[in-house]
Amino acid sequence: MLYFDNTATTFPKPESVYKAMDEFMRHSAANPGRSGHKMSIIAEQAVTETRNLLAKFFNARNVSNLVFTLNTTDALNIAIKGVLSSGDHVITSCLEHNSVSRPLQRLKRDGIISVDFLKASTDGFIAPADVKNAIKSNTRLIVLTHCSNVLGTIQPIKEIGRIARDHGVLFLVDAAQTAGVLPIDVEEDFIDMLAFPGHKALFGPPGTGGLWTRQGLVIGYFREGGTGKDSQSEIHPAEMPYRLEAGTPNTVGIAGLNAGVKFILNEGIKKIHAHELALTKRLLEFFTANKDKFTLYGPADCANRLSTISFNVKNMPPEEVSAVLDNSFDTASRSGLHCAPLVHKHIGTFPEGTLRFGLGYFNTAEEVDKVARALEEIASA
Ligand SMILES: Cc1ncc(COP(=O)(O)O)c(C=O)c1O
């Protein structure tokens with residue numbers, strides 16, 4: 001099987017991830033921090049070790065402010081709803097995933113906030129100057145995806161982060177497509193809140209993700225319950241990470257995520273990125289050479305892009321192509337809007353969407369050539 005849906009979630013995972021989860025589940029899966037027995041302490045240590053590992057990975061100093069979440073969507077919801085209040089203005093973009101745009105749209109509809117959705121360039125980049133010009137006296141938050149999950153375009157988060165910092169506006173980065181494949185430094189990039197998945201380029205299993213928030217930033221919370229701490233208190237603890245982590249965590253997933261991050265550190269993020277870009281270049285060249293049969297969306301070169309590629313076969317609906325790829329060529333792709341409807345309005349592919357390939361570290365040049373041959377066959381049928 002050819003798996004080209006790594007933008008949705010990575011597959012396969014490194015062997016060490018499967019092993020770590022199996023091992024943890026068999027020998028260490030007690031409830032962490034709740035009971036004083038040895039296995040519970042081991043489980044708690046695994047969670048803390050992973051927290052430290054991730055904080056270091058993103059150069060985040062205050063480790064307890066890194067909390068585990070269900071996925072990126074969960075982290076984004078906690079961040080957005082945790083910092084916004086009545087009368088706030090938010091700046092975001094047309095590139096956003098529904099996990100950013102839907103919470104914002106709802107808060108807007110409920111009359112709580114106002115939002116500006118900035119337009120991207122034709123190729124899919126947000127201009128820092130547009131962000132700066134959109135700032136108002138009541139702007140509380142700028143929230144931006146680090147990389148479009150439709151066009152693969154990397155956004156200039158450092159420049160935008162600097163603008164946010166200079167204007168006293170919070171900067172939330174959606175790192176769903178970049179955590180694990182592009183270096184992210186919360187200090188250098190002026191990030192106040194970082195939402196990331198564990199299950200994509202960090203190679204953890206589904207059901208893992210995280211949110212890091214800057215020290216001193218008070219995040220409102222809605223989940224209250226057991227934390228294994230201050231059980232005598234009638235109210236939920238205010239300190240991080242307990243503040244945002246109520247209930248039994250996904251320890252098995254966190255053990256897998258731990259192994260995923262270690263895999264990246266061993267391989268080297270540059271090597272991973274370079275491999276994915278080499279495959280991307282190969283596929284982009286194929287589309288460029290076959291412009292009569294395919295429409296490519298987003299940049300045709302590799303500058304400032306990752307390995308997410310959106311395209312369509314001319315005169316064929318994307319879901320039909322995706323089904324043929326799956327049924328006749330055993331190839332996993334994704335068709336449609338990819339949970340990011342606004343960008344499709346921007347590139348003219350709404351409502352049918354595009355066909356999307358997300359190339360991953362475990363894909364090979366031979367696989368890319370094989371899928372290119374399959375596409376040629378489909379387009380010529
Ligand atoms: C840019 C972007 N943001 C957010 C999400 C949501 O991620 P998750 O599935 O981890 O909730 C995705 C998922 O593909 C994404 O691509």
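In this report, the structure presented in the accompanying data block is examined. These numbers come from a predicted model, not from an experiment.

### Looking at the pattern of salt bridges
Following the criterion strictly, the structure yields 15 salt bridges and no others. Across the salt bridge formed by Asp 74 and Arg 223, the nearest N and O atoms sit 3.0 Å from each other. Taken together, the residues Asp 74 in helix α3 (residues 72-83) and Arg 223 in the loop between β8 (209-213) and α7 (251-267) connect sequence positions 149 residues apart. The class of Asp 74 is buried, set by a relative accessible area of 11%. The class for Arg 223 is partly exposed, based on a relative accessible area of 29%. As a salt-bridge pair, Asp 192 and Arg 165 come within 3.3 Å of each other at their nearest N and O atoms. With Asp 192 in the loop between β6 (170-174) and β7 (193-197) and Arg 165 in helix α6 (residues 157-166), this pair connects stretches of sequence that are 27 residues apart. A relative accessible area of 6% places Asp 192 in the buried class. The structure contains a network of salt bridges with shared partners spanning Arg 61, Arg 165, Glu 187, Asp 192 and Arg 214.

### Some remarks on the packing of helix α1 (residues 15-27) against α7
For the pair α1 and α7, interaxial distance at closest approach is 8 Å and the crossing angle is 150 degrees. In this view, α1 runs roughly antiparallel relative to α7, as classed from their interaxial angle. When you trace α1 past α7, the crossing you get is right-handed. Touching Ser 16, Val 17, Ala 20, Met 21, Phe 24 and Met 25 of α1 are Thr 251, Val 252, Gly 253, Ala 255, Gly 256, Ala 259, Gly 260 and Phe 263, all from α7. A per-class count over the contact of α1 with α7 returns nine nonpolar, five polar and no charged.

Rules behind the numbers
Residues numbered from 1 in each chain as written. Predicted model: local features only at pLDDT ≥ 70, side-chain atom pairs only at ≥ 80, totals over all residues. Heavy atoms only, no water. Salt bridge = Lys/Arg side-chain N within 4 Å of Asp/Glu carboxyl O. Helix = DSSP H or I, 4+ residues; strand = E, 2+ residues; numbered from the N terminus. Buried < 20%, exposed > 50% of the residue type's maximum accessible area, 1.4 Å probe, protein only. Axes fitted to C-alpha atoms, helices over the stretch in contact; angles between N-to-C directions. Parallel < 35°, antiparallel > 145°, perpendicular 65-115°, else oblique. Left-handed = near helix turned anticlockwise from the far one by under 90°. Contact = heavy atoms within 4.5 Å. Nonpolar A, V, L, I, M, F, W, Y, C, P; charged D, E, K, R; others polar.

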